[in-house]
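If you want the building blocks of each chain, they are given just below.
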Amino acid sequence: MTRHTARTVREAPAEARQEAVRRWCGTHRTRIAEMVGALVQVPTTAPDEPAAHALLTGYLLGAGLWAEIQKPHPGLTEHPDYTAPFLPGAPAPRDNMRAGLRAGDTLPTVLFSVHTDVVPPDGHPEPWSGRFDGTRIHGRGSADTKNNIVMVVEALRCLRELGLAPRANVLVDLVSDEEAGGTGALSTILHGCPVDEVVVLEPTGLRVHHGHRGCVGFEITASGTTGHMGSAADRQGPVERCLRAVDRLRAVEERWLDEASTTPGFIGVARPLQLNISGITADSWHGSIPSSCTLRASLGYLPPRDRDRARAEITAAVLDPAGRSDGLALHWRGIGNDGYVGDAEGATARRLRDAARTAGVDPGSPQAWHVSCDARLYARHTSAETVVFGGGELALAHSDHESVDIDQVLAGVHVLVEFLAADGG
Ligand SMILES: [Zn+2]
(Lines give C-alpha, C1' and ligand atoms only; values in the text may rest on other atoms or scores of the structure.)
Protein backbone atom coordinates (compact mmCIF):
# COMPACT_ATOMS: atom_id res chain seq x y z
CA MET A 1 0.00 0.00 0.00
CA THR A 2 2.77 2.34 1.01
CA ARG A 3 4.69 1.36 -2.08
CA HIS A 4 1.68 2.06 -4.28
CA THR A 5 1.25 5.52 -2.78
CA ALA A 6 4.92 6.38 -3.35
CA ARG A 7 4.72 5.23 -6.93
CA THR A 8 1.59 7.27 -7.54
CA VAL A 9 3.14 10.44 -6.12
CA ARG A 10 6.33 10.01 -8.11
CA GLU A 11 4.79 9.02 -11.42
CA ALA A 12 1.44 10.70 -11.55
CA PRO A 13 2.68 14.11 -12.87
CA ALA A 14 4.66 12.47 -15.69
CA GLU A 15 1.75 10.24 -16.64
CA ALA A 16 -0.63 13.19 -16.53
CA ARG A 17 1.75 15.13 -18.78
CA GLN A 18 1.93 12.31 -21.30
CA GLU A 19 -1.83 12.03 -21.35
CA ALA A 20 -2.17 15.79 -21.83
CA VAL A 21 0.34 15.78 -24.71
CA ARG A 22 -1.47 12.88 -26.40
CA ARG A 23 -4.80 14.66 -26.05
CA TRP A 24 -3.28 17.88 -27.42
CA CYS A 25 -1.84 16.02 -30.43
CA GLY A 26 -5.19 14.39 -31.10
CA THR A 27 -7.00 17.71 -30.99
CA HIS A 28 -4.55 19.33 -33.41
CA ARG A 29 -4.03 16.31 -35.70
CA THR A 30 -5.77 17.68 -38.80
CA ARG A 31 -4.37 21.20 -38.44
CA ILE A 32 -0.83 19.83 -38.10
CA ALA A 33 -1.28 17.54 -41.13
CA GLU A 34 -2.56 20.47 -43.16
CA MET A 35 0.44 22.57 -42.16
CA VAL A 36 2.81 19.88 -43.43
CA GLY A 37 0.71 19.85 -46.61
CA ALA A 38 0.88 23.65 -46.94
CA LEU A 39 4.67 23.51 -46.79
CA VAL A 40 4.78 20.70 -49.35
CA GLN A 41 2.67 22.87 -51.68
CA VAL A 42 5.52 25.39 -51.92
CA PRO A 43 8.10 23.91 -54.34
CA THR A 44 11.44 24.52 -52.63
CA THR A 45 13.81 22.67 -54.89
CA ALA A 46 17.11 24.55 -54.87
CA PRO A 47 17.49 27.47 -55.46
CA ASP A 48 13.83 28.24 -54.62
CA GLU A 49 13.93 27.68 -50.84
CA PRO A 50 13.14 31.36 -50.10
CA ALA A 51 9.71 30.84 -51.75
CA ALA A 52 8.63 29.31 -48.42
CA HIS A 53 9.96 32.10 -46.21
CA ALA A 54 6.74 34.14 -46.10
CA LEU A 55 4.66 31.10 -45.13
CA LEU A 56 7.27 30.02 -42.57
CA THR A 57 7.53 33.49 -41.03
CA GLY A 58 3.77 33.67 -40.44
CA TYR A 59 3.76 30.13 -39.06
CA LEU A 60 6.66 30.70 -36.67
CA LEU A 61 5.34 34.03 -35.38
CA GLY A 62 1.90 32.49 -34.95
CA ALA A 63 3.40 29.77 -32.76
CA GLY A 64 5.02 32.38 -30.52
CA LEU A 65 8.61 32.20 -31.82
CA TRP A 66 10.70 35.09 -33.05
CA ALA A 67 11.91 34.68 -36.62
CA GLU A 68 14.30 36.43 -38.97
CA ILE A 69 15.77 36.03 -42.43
CA GLN A 70 19.53 35.58 -42.45
CA LYS A 71 21.69 36.51 -45.44
CA PRO A 72 24.46 34.14 -46.57
CA HIS A 73 27.59 34.74 -44.49
CA PRO A 74 30.18 36.82 -46.40
CA GLY A 75 32.94 34.30 -45.63
CA LEU A 76 30.90 31.30 -46.77
CA THR A 77 32.42 30.58 -50.17
CA GLU A 78 35.98 30.75 -48.78
CA HIS A 79 35.32 28.14 -46.11
CA PRO A 80 37.06 24.75 -46.56
CA ASP A 81 33.73 22.95 -45.98
CA TYR A 82 31.88 25.04 -48.57
CA THR A 83 30.45 22.89 -51.37
CA ALA A 84 30.77 24.51 -54.78
CA PRO A 85 27.41 24.59 -56.62
CA PHE A 86 26.93 21.69 -59.01
CA LEU A 87 23.26 22.19 -59.85
CA PRO A 88 22.28 23.60 -63.26
CA GLY A 89 22.95 27.33 -63.37
CA ALA A 90 25.37 27.11 -60.39
CA PRO A 91 22.99 28.99 -58.06
CA ALA A 92 24.45 31.41 -55.53
CA PRO A 93 23.93 30.74 -51.79
CA ARG A 94 20.43 31.63 -50.59
CA ASP A 95 19.00 33.24 -47.45
CA ASN A 96 18.25 31.07 -44.43
CA MET A 97 15.93 31.61 -41.48
CA ARG A 98 16.61 31.57 -37.77
CA ALA A 99 13.80 31.42 -35.24
CA GLY A 100 13.76 30.94 -31.52
CA LEU A 101 12.14 30.93 -28.16
CA ARG A 102 13.85 32.40 -25.08
CA ALA A 103 13.25 30.59 -21.80
CA GLY A 104 15.84 32.05 -19.42
CA ASP A 105 19.34 33.53 -19.30
CA THR A 106 20.80 30.75 -17.18
CA LEU A 107 19.40 27.91 -19.27
CA PRO A 108 21.30 26.02 -21.97
CA THR A 109 20.40 26.46 -25.63
CA VAL A 110 19.16 23.68 -27.89
CA LEU A 111 19.37 24.24 -31.64
CA PHE A 112 17.12 22.37 -34.06
CA SER A 113 18.34 22.47 -37.66
CA VAL A 114 15.93 21.58 -40.44
CA HIS A 115 16.50 21.97 -44.17
CA THR A 116 13.92 23.64 -46.37
CA ASP A 117 15.13 22.39 -49.78
CA VAL A 118 13.70 19.29 -51.41
CA VAL A 119 14.97 17.17 -54.29
CA PRO A 120 13.20 17.45 -57.68
CA PRO A 121 9.85 15.60 -58.21
CA ASP A 122 11.50 12.81 -60.25
CA GLY A 123 8.31 10.99 -61.19
CA HIS A 124 6.26 11.71 -58.06
CA PRO A 125 2.66 11.86 -59.38
CA GLU A 126 1.60 14.68 -57.05
CA PRO A 127 4.83 16.34 -55.89
CA TRP A 128 3.24 19.59 -54.70
CA SER A 129 -0.26 18.43 -53.69
CA GLY A 130 0.39 18.22 -49.95
CA ARG A 131 -2.74 16.05 -49.90
CA PHE A 132 -3.78 14.65 -46.52
CA ASP A 133 -5.71 11.41 -46.95
CA GLY A 134 -6.58 11.09 -43.27
CA THR A 135 -3.44 9.06 -42.53
CA ARG A 136 -0.59 10.36 -44.69
CA ILE A 137 0.49 13.64 -46.24
CA HIS A 138 1.72 13.19 -49.81
CA GLY A 139 4.30 15.00 -51.88
CA ARG A 140 7.94 15.90 -52.32
CA GLY A 141 9.49 16.91 -49.03
CA SER A 142 6.71 15.48 -46.87
CA ALA A 143 9.11 12.90 -45.37
CA ASP A 144 12.39 14.67 -46.20
CA THR A 145 11.96 16.90 -44.37
CA LYS A 146 9.13 19.40 -44.07
CA ASN A 147 7.26 17.29 -41.52
CA ASN A 148 10.18 18.01 -39.20
CA ILE A 149 9.78 21.77 -39.45
CA VAL A 150 6.19 21.33 -38.29
CA MET A 151 7.19 18.76 -35.65
CA VAL A 152 9.52 21.08 -33.77
CA VAL A 153 7.28 24.15 -34.05
CA GLU A 154 4.26 22.19 -32.79
CA ALA A 155 6.28 20.76 -29.90
CA LEU A 156 7.06 24.33 -28.81
CA ARG A 157 3.42 25.34 -29.23
CA CYS A 158 2.31 22.31 -27.22
CA LEU A 159 4.71 23.16 -24.36
CA ARG A 160 3.32 26.68 -24.21
CA GLU A 161 -0.35 25.74 -24.46
CA LEU A 162 -0.02 23.06 -21.78
CA GLY A 163 1.88 25.45 -19.52
CA LEU A 164 5.01 23.25 -19.50
CA ALA A 165 8.24 25.11 -18.77
CA PRO A 166 11.05 24.37 -21.26
CA ARG A 167 14.41 23.30 -19.79
CA ALA A 168 16.34 25.25 -22.45
CA ASN A 169 16.30 28.19 -24.80
CA VAL A 170 15.47 27.01 -28.29
CA LEU A 171 16.82 28.07 -31.68
CA VAL A 172 15.42 26.73 -34.95
CA ASP A 173 17.54 27.12 -38.08
CA LEU A 174 15.67 26.61 -41.35
CA VAL A 175 18.48 26.09 -43.82
CA SER A 176 18.75 25.96 -47.59
CA ASP A 177 20.83 23.68 -49.77
CA GLU A 178 21.21 20.60 -47.57
CA GLU A 179 20.72 18.20 -50.45
CA ALA A 180 23.53 19.83 -52.40
CA GLY A 181 26.17 19.96 -49.67
CA GLY A 182 25.00 21.96 -46.65
CA THR A 183 25.79 25.51 -47.71
CA GLY A 184 22.83 26.87 -45.73
CA ALA A 185 23.80 25.21 -42.45
CA LEU A 186 27.43 26.24 -42.90
CA SER A 187 26.31 29.86 -43.36
CA THR A 188 24.19 29.87 -40.20
CA ILE A 189 27.08 28.34 -38.24
CA LEU A 190 29.45 31.05 -39.50
CA HIS A 191 26.95 33.69 -38.37
CA GLY A 192 27.39 32.34 -34.85
CA CYS A 193 26.10 29.24 -33.16
CA PRO A 194 26.37 29.69 -29.38
CA VAL A 195 24.49 26.51 -28.53
CA ASP A 196 24.91 23.57 -26.15
CA GLU A 197 22.98 20.86 -27.99
CA VAL A 198 22.12 20.37 -31.66
CA VAL A 199 19.38 18.16 -33.05
CA VAL A 200 19.47 17.92 -36.84
CA LEU A 201 16.01 16.88 -37.95
CA GLU A 202 15.95 14.35 -40.79
CA PRO A 203 13.75 11.37 -41.75
CA THR A 204 15.23 8.79 -39.38
CA GLY A 205 11.87 7.16 -38.58
CA LEU A 206 12.20 8.69 -35.07
CA ARG A 207 15.42 6.81 -34.38
CA VAL A 208 18.20 8.69 -32.62
CA HIS A 209 21.65 8.72 -34.27
CA HIS A 210 24.86 10.10 -32.79
CA GLY A 211 26.76 10.35 -36.08
CA HIS A 212 26.56 9.66 -39.80
CA ARG A 213 28.65 8.39 -42.68
CA GLY A 214 30.40 10.68 -45.16
CA CYS A 215 29.84 10.83 -48.92
CA VAL A 216 31.68 12.18 -51.96
CA GLY A 217 30.26 12.78 -55.42
CA PHE A 218 32.30 12.58 -58.62
CA GLU A 219 32.29 12.12 -62.38
CA ILE A 220 34.43 9.75 -64.41
CA THR A 221 34.95 10.52 -68.07
CA ALA A 222 36.39 8.12 -70.65
CA SER A 223 37.46 9.71 -73.92
CA GLY A 224 38.40 8.17 -77.22
CA THR A 225 38.20 8.59 -80.95
CA THR A 226 34.95 8.32 -82.84
CA GLY A 227 34.71 6.00 -85.80
CA HIS A 228 33.06 2.99 -87.38
CA MET A 229 32.76 0.00 -85.07
CA GLY A 230 34.71 -2.02 -87.65
CA SER A 231 37.66 0.32 -87.33
CA ALA A 232 38.03 0.17 -83.55
CA ALA A 233 41.62 -0.55 -82.58
CA ASP A 234 40.67 -1.24 -78.99
CA ARG A 235 37.81 -3.62 -78.27
CA GLN A 236 36.62 -1.47 -75.39
CA GLY A 237 35.19 1.96 -76.11
CA PRO A 238 34.48 4.77 -73.63
CA VAL A 239 31.25 3.22 -72.34
CA GLU A 240 32.89 -0.06 -71.41
CA ARG A 241 35.87 1.67 -69.87
CA CYS A 242 33.44 3.56 -67.62
CA LEU A 243 31.72 0.30 -66.73
CA ARG A 244 35.08 -1.23 -65.82
CA ALA A 245 35.55 1.71 -63.47
CA VAL A 246 32.24 0.76 -61.82
CA ASP A 247 33.69 -2.69 -61.06
CA ARG A 248 36.70 -1.06 -59.41
CA LEU A 249 34.41 1.26 -57.40
CA ARG A 250 32.39 -1.75 -56.23
CA ALA A 251 35.64 -3.30 -55.00
CA VAL A 252 36.36 -0.15 -52.96
CA GLU A 253 32.81 -0.25 -51.56
CA GLU A 254 33.26 -3.92 -50.65
CA ARG A 255 36.55 -3.23 -48.86
CA TRP A 256 35.08 -0.30 -46.90
CA LEU A 257 32.01 -2.36 -45.99
CA ASP A 258 34.28 -5.08 -44.60
CA GLU A 259 35.92 -2.47 -42.35
CA ALA A 260 32.50 -1.23 -41.22
CA SER A 261 31.83 -4.34 -39.18
CA THR A 262 34.38 -3.06 -36.63
CA THR A 263 33.91 0.72 -37.06
CA PRO A 264 32.53 2.39 -33.90
CA GLY A 265 29.04 3.74 -34.47
CA PHE A 266 28.39 1.53 -37.48
CA ILE A 267 28.65 -1.98 -36.01
CA GLY A 268 25.49 -3.86 -36.90
CA VAL A 269 24.23 -1.15 -39.29
CA ALA A 270 22.90 -2.75 -42.47
CA ARG A 271 24.74 -1.40 -45.53
CA PRO A 272 26.29 1.59 -43.71
CA LEU A 273 27.83 2.94 -46.93
CA GLN A 274 26.78 2.66 -50.54
CA LEU A 275 28.01 3.25 -54.07
CA ASN A 276 25.37 4.95 -56.18
CA ILE A 277 25.61 5.39 -59.94
CA SER A 278 23.22 8.23 -60.69
CA GLY A 279 23.89 8.82 -64.36
CA ILE A 280 25.77 7.72 -67.46
CA THR A 281 26.00 9.79 -70.62
CA ALA A 282 27.22 8.66 -74.03
CA ASP A 283 25.54 8.80 -77.40
CA SER A 284 26.40 7.70 -80.90
CA TRP A 285 25.00 5.98 -83.98
CA HIS A 286 24.33 2.22 -83.60
CA GLY A 287 27.43 1.22 -85.50
CA SER A 288 29.70 4.00 -84.26
CA ILE A 289 32.01 4.44 -81.32
CA PRO A 290 31.08 7.38 -79.08
CA SER A 291 33.82 9.93 -78.48
CA SER A 292 33.28 9.94 -74.72
CA CYS A 293 31.27 8.58 -71.84
CA THR A 294 30.66 10.26 -68.49
CA LEU A 295 29.56 8.42 -65.39
CA ARG A 296 28.14 10.26 -62.38
CA ALA A 297 28.46 8.57 -59.00
CA SER A 298 28.56 8.99 -55.23
CA LEU A 299 30.28 6.77 -52.71
CA GLY A 300 29.78 6.76 -48.96
CA TYR A 301 32.60 6.27 -46.46
CA LEU A 302 32.89 5.97 -42.71
CA PRO A 303 34.77 8.07 -40.19
CA PRO A 304 37.54 8.21 -39.10
CA ARG A 305 38.32 8.09 -42.82
CA ASP A 306 38.01 11.73 -43.91
CA ARG A 307 37.11 13.31 -47.23
CA ASP A 308 40.69 13.73 -48.45
CA ARG A 309 41.58 10.15 -47.68
CA ALA A 310 38.38 8.83 -49.25
CA ARG A 311 39.07 10.83 -52.40
CA ALA A 312 42.68 9.64 -52.56
CA GLU A 313 41.63 6.00 -52.27
CA ILE A 314 38.93 6.40 -54.92
CA THR A 315 41.40 8.09 -57.24
CA ALA A 316 43.95 5.32 -56.77
CA ALA A 317 41.35 2.63 -57.41
CA VAL A 318 39.75 4.22 -60.46
CA LEU A 319 42.66 5.81 -62.26
CA ASP A 320 45.56 3.66 -61.39
CA PRO A 321 44.48 0.08 -60.80
CA ALA A 322 47.57 -1.28 -62.54
CA GLY A 323 49.75 1.73 -63.03
CA ARG A 324 47.69 3.12 -65.89
CA SER A 325 44.78 5.53 -66.13
CA ASP A 326 42.76 3.56 -68.72
CA GLY A 327 42.08 6.86 -70.51
CA LEU A 328 39.85 7.99 -67.65
CA ALA A 329 39.57 11.38 -65.98
CA LEU A 330 38.08 11.86 -62.51
CA HIS A 331 36.46 15.11 -61.34
CA TRP A 332 35.06 15.81 -57.87
CA ARG A 333 31.59 17.04 -58.55
CA GLY A 334 28.66 16.89 -56.15
CA ILE A 335 28.63 16.71 -52.40
CA GLY A 336 31.73 16.26 -50.27
CA ASN A 337 30.17 15.61 -46.89
CA ASP A 338 32.46 14.32 -44.17
CA GLY A 339 31.01 11.94 -41.61
CA TYR A 340 31.26 12.08 -37.83
CA VAL A 341 30.65 9.91 -34.82
CA GLY A 342 29.77 11.53 -31.51
CA ASP A 343 29.32 10.05 -28.07
CA ALA A 344 26.73 7.26 -28.08
CA GLU A 345 26.13 7.95 -24.39
CA GLY A 346 26.30 11.75 -24.58
CA ALA A 347 23.77 13.65 -22.47
CA THR A 348 21.75 14.84 -25.48
CA ALA A 349 21.62 11.44 -27.17
CA ARG A 350 20.58 9.80 -23.92
CA ARG A 351 17.98 12.45 -23.12
CA LEU A 352 16.46 12.15 -26.58
CA ARG A 353 16.34 8.35 -26.41
CA ASP A 354 14.74 8.55 -22.96
CA ALA A 355 12.22 11.10 -24.26
CA ALA A 356 11.35 8.76 -27.14
CA ARG A 357 10.77 5.81 -24.81
CA THR A 358 8.61 7.96 -22.54
CA ALA A 359 6.55 8.93 -25.57
CA GLY A 360 6.18 5.27 -26.54
CA VAL A 361 8.64 5.46 -29.44
CA ASP A 362 11.53 3.05 -30.10
CA PRO A 363 14.64 5.22 -30.59
CA GLY A 364 16.65 2.26 -31.91
CA SER A 365 20.00 1.10 -30.55
CA PRO A 366 22.75 3.74 -30.31
CA GLN A 367 24.14 3.84 -33.84
CA ALA A 368 25.28 6.36 -36.43
CA TRP A 369 23.12 6.99 -39.52
CA HIS A 370 23.98 5.36 -42.87
CA VAL A 371 23.21 8.63 -44.67
CA SER A 372 24.99 11.99 -44.55
CA CYS A 373 23.38 15.30 -43.63
CA ASP A 374 24.22 18.69 -42.15
CA ALA A 375 24.92 17.26 -38.68
CA ARG A 376 28.64 16.85 -39.39
CA LEU A 377 28.97 20.63 -39.81
CA TYR A 378 27.57 21.28 -36.32
CA ALA A 379 29.65 18.44 -34.87
CA ARG A 380 32.82 19.90 -36.39
CA HIS A 381 32.26 23.65 -36.13
CA THR A 382 30.39 24.05 -32.84
CA SER A 383 31.18 22.70 -29.38
CA ALA A 384 27.68 21.23 -29.05
CA GLU A 385 26.82 17.54 -28.89
CA THR A 386 25.04 16.84 -32.17
CA VAL A 387 22.45 14.17 -32.86
CA VAL A 388 20.19 13.28 -35.80
CA PHE A 389 16.51 12.49 -35.33
CA GLY A 390 13.16 13.09 -36.99
CA GLY A 391 9.93 12.00 -38.57
CA GLY A 392 9.59 10.46 -42.00
CA GLU A 393 10.97 7.19 -43.33
CA LEU A 394 14.20 7.25 -45.30
CA ALA A 395 12.77 4.55 -47.59
CA LEU A 396 10.23 7.13 -48.83
CA ALA A 397 12.56 10.15 -49.00
CA HIS A 398 13.47 11.14 -52.60
CA SER A 399 11.07 8.43 -53.89
CA ASP A 400 8.22 8.70 -56.41
CA HIS A 401 5.78 7.82 -53.60
CA GLU A 402 7.11 10.10 -50.86
CA SER A 403 4.64 10.66 -48.03
CA VAL A 404 4.62 10.85 -44.25
CA ASP A 405 2.38 9.30 -41.62
CA ILE A 406 0.70 12.01 -39.52
CA ASP A 407 0.72 9.77 -36.44
CA GLN A 408 4.48 9.43 -36.70
CA VAL A 409 4.76 13.22 -36.88
CA LEU A 410 2.59 13.54 -33.77
CA ALA A 411 4.67 10.89 -31.98
CA GLY A 412 7.70 13.04 -32.86
CA VAL A 413 5.97 16.10 -31.38
CA HIS A 414 5.48 14.11 -28.18
CA VAL A 415 9.15 13.06 -28.14
CA LEU A 416 10.31 16.66 -28.51
CA VAL A 417 7.93 17.86 -25.80
CA GLU A 418 9.44 15.28 -23.43
CA PHE A 419 12.93 16.22 -24.61
CA LEU A 420 12.39 19.93 -23.95
CA ALA A 421 10.15 19.94 -20.87
CA ALA A 422 11.87 20.82 -17.62
CA ASP A 423 11.94 17.96 -15.11
CA GLY A 424 8.74 18.04 -13.09
CA GLY A 425 7.27 20.52 -15.62
ZN1 LIG B 1 16.95 15.53 -45.64
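One can find the structure itself at the top, above this paragraph.
Quick caveat: nothing in here was measured; it's all calculated off a predicted structure.

Peer 1: Would you mind going over the nonpolar core with me for this structure?
Peer 2: Soluble globular proteins tend to bury their nonpolar side chains together. Residues Phe-112, Val-172, Val-199, Leu-352 and Phe-389 are the most contacted members of the largest nonpolar core, which totals 59 residues. For Leu-352, the residues in contact, after removing those within four places along its chain, are Val-199, Val-208, Val-387, Phe-389, Val-415, Leu-416 and Phe-419. Trp-256, Ala-260, Phe-266 and Cys-293 belong to the second-largest nonpolar core, a separate cluster that totals 29 residues.

Peer 1: Please explain the coordination of the zinc ion as it appears in this structure.
Peer 2: For a metal bound by four donors in a tetrahedral arrangement, the ideal donor-metal-donor angle is 109.5 degrees, while six donors in an octahedral arrangement ideally sit at 90 or 180 degrees. Looking at the metal site, the zinc ion is ligated by His-115 (NE2), Asp-144 (OD) and Glu-202 (OE), spaced 1.9 to 2.1 Å from it. Each donor residue of the zinc ion lies on one chain, and together they are spaced H-x28-D-x57-E. Note that Asp-144 is positioned in helix α4 (residues 142-161) and Glu-202 in the loop between β6 (197-201) and β7 (209-212), a separation of 58 residues in sequence. On the basis of relative accessible area, Glu-202 is assigned to the buried category, the value being 3%.

Peer 1: Is there a simple way to think about helix α8 (residues 347-358) in this case?
Peer 2: It helps to recall that an α-helix has 3.6 residues per turn; residues three or four apart then point in one direction. Here α8 contains 12 residues, and its C-alpha end-to-end distance of 16 Å stays within 8% of the 16 Å for a straight helix at 1.5 Å per residue. Buried within α8 we find Thr-348, Ala-349, Leu-352, Arg-353, Ala-355 and Ala-356. Mapping the buried residues of α8 onto a view down its axis gives an arc of 160°, with all of them on the same face. At the exit of α8 stands Gly-360, carrying a positive phi of roughly 80°.

Peer 1: Hey, could you run me through the side chain of Thr-183 in this one?
Peer 2: Note that Thr-183 resides in helix α5 (residues 183-190). Within polar-contact distance, the side chain of Thr-183 engages the side chain of Asp-177 at 3.5 Å. Ignoring any residue separated from it by four or fewer positions in sequence, one finds Thr-183 in contact with Leu-76, Tyr-82, Thr-83, Pro-93 and Asp-177.

Peer 1: Whenever I open this one, empty space enclosed by the protein confuses me. Can you help?
Peer 2: Rolled over the atoms, a probe with the dimensions of a water molecule shows which regions are left empty. In this structure the tally under the stated criterion is two cavities of 30 Å³ or more. Here the largest cavity defines a volume of roughly 50 Å³. Around the largest cavity, the lining residues are Thr-83, Pro-85, Phe-86, Leu-87, Pro-91, Arg-94, Asp-177, Ala-180 and Thr-183. When the residues that make up the lining of the largest cavity are grouped by side-chain class, the tally is five nonpolar, two polar and two charged. Its boundaries defined by the atoms lining it, the second largest cavity holds a volume of some 40 Å³. Around the second largest cavity, the lining residues are Asp-81, Arg-307, Gly-336, Asp-338, Arg-376, Leu-377, Arg-380 and His-381. The element that contributes the greatest number of residues to the lining of the second largest cavity is helix α9 (residues 375-381), accounting for four residues. Split into classes, the residues belonging to the lining of the second largest cavity amount to one nonpolar, two polar and five charged.

Peer 1: How should I be thinking about helix α6 (residues 238-260) in this particular structure?
Peer 2: Along its 23 residues, α6 runs 33 Å from first to last C-alpha, staying within 8% of the 33 Å computed at 1.5 Å per residue. Listed as buried for α6 are Pro-238, Arg-241, Cys-242, Ala-245, Val-246, Arg-248, Leu-249, Val-252, Glu-253, Trp-256 and Ala-260.

Peer 1: Looking at this model, I keep getting lost on the packing of aromatic side chains. Mind explaining?
Peer 2: Aromatic ring pairs: the centre-centre distance and the angle between the two ring planes describe each pair. Applying the stated criterion to the full structure yields three aromatic pairs. For the ring pair Trp-256 and Tyr-301, a centre distance of 6.5 Å and an interplane angle of 70° mean the geometry is edge-to-face. With Trp-256 in helix α6 and Tyr-301 in strand β12 (residues 292-301), this residue pair connects regions lying 45 residues apart in the sequence. Per residue, the accessibility class of Trp-256 equals that of Tyr-301, and both read buried. Here the guanidinium or amino end of Arg-167 rests over the ring plane of Phe-419, the centre of that ring lying 4.7 Å away.

Peer 1: How do you make sense of the packing of α6 against helix α7 (residues 307-319) when you look at a structure like this?
Peer 2: In helix packing, the relevant descriptors are the interaxial angle and the interaxial distance, both defined with respect to the helix axes. Where α6 meets α7, the axes come as close as 9 Å, and the angle between the chain directions of the two elements is 135°. Comparing their axes, α7 and α6 come out oblique. In the packing of α6 onto α7, the handedness of the crossing is right-handed. Of α7, the residues touching α6 (which contributes Ala-245, Arg-248, Leu-249, Val-252, Arg-255 and Trp-256) are Ala-310, Glu-313, Ile-314, Ala-317 and Val-318. Considered class by class, the residues forming the contact of α6 with α7 number eight nonpolar, no polar and three charged.

Peer 1: I would appreciate a short explanation of the sheet that holds strand β10 (residues 275-281) in the present structure.
Peer 2: Sheets are built from strands that pair by backbone hydrogen bonding, the pairs being arranged parallel or antiparallel. With respect to topology, four strands assemble into an open sheet ordered β10-β12-β8-β13, the strand pairing being antiparallel. Looking at strand neighbours, the two that pair on one side only are β10 and β13 (328-337), the edges of this open sheet. Strand-to-strand, the axes of this sheet are offset by a mean angle of 20°, without reference to chain direction. Note: strand β8 (residues 214-223) against β12, 10 bridges, orientation antiparallel. Its bridge partner lying in β12, Ile-220 is registered against Leu-295.

Reading the values: the criteria
- Residues numbered from 1 in each chain as written.
- Predicted model: local features only at pLDDT ≥ 70, side-chain atom pairs only at ≥ 80, totals over all residues.
- Heavy atoms only, no water.
- Core = buried A, V, L, I, M, F, W, Y, C linked by side-chain atoms within 4.5 Å.
- Buried < 20%, exposed > 50% of the residue type's maximum accessible area, 1.4 Å probe, protein only.
- Contact = heavy atoms within 4.5 Å.
- Donors = N, O, S within 2.8 Å, 3.2 Å for Na, K, Ca; no water.
- Helix = DSSP H or I, 4+ residues; strand = E, 2+ residues; numbered from the N terminus.
- Expected span 1.5 Å × (residues − 1).
- Arc of directions from axis to C-beta.
- Polar contact = N/O pair within 3.5 Å; in protein donor to acceptor, adjacent residues only side chain to side chain.
- 1 Å grid on protein atoms, 1.4 Å probe; cavity = no way out; pocket = protein on both sides within 12 Å on 5 of 7 lines; lining within 4 Å.
- Points joined across faces, edges and corners; volume = space filled by probe spheres on them.
- Nonpolar A, V, L, I, M, F, W, Y, C, P; charged D, E, K, R; others polar.
- Phe/Tyr/Trp six-rings, centres within 6.5 Å; stacked < 30°, edge-to-face > 60°.
- Lys NZ or Arg CZ within 6 Å of the ring centre and 35° of its normal.
- Axes fitted to C-alpha atoms, helices over the stretch in contact; angles between N-to-C directions.
- Parallel < 35°, antiparallel > 145°, perpendicular 65-115°, else oblique.
- Left-handed = near helix turned anticlockwise from the far one by under 90°.
- Pairing = 2+ DSSP bridges.

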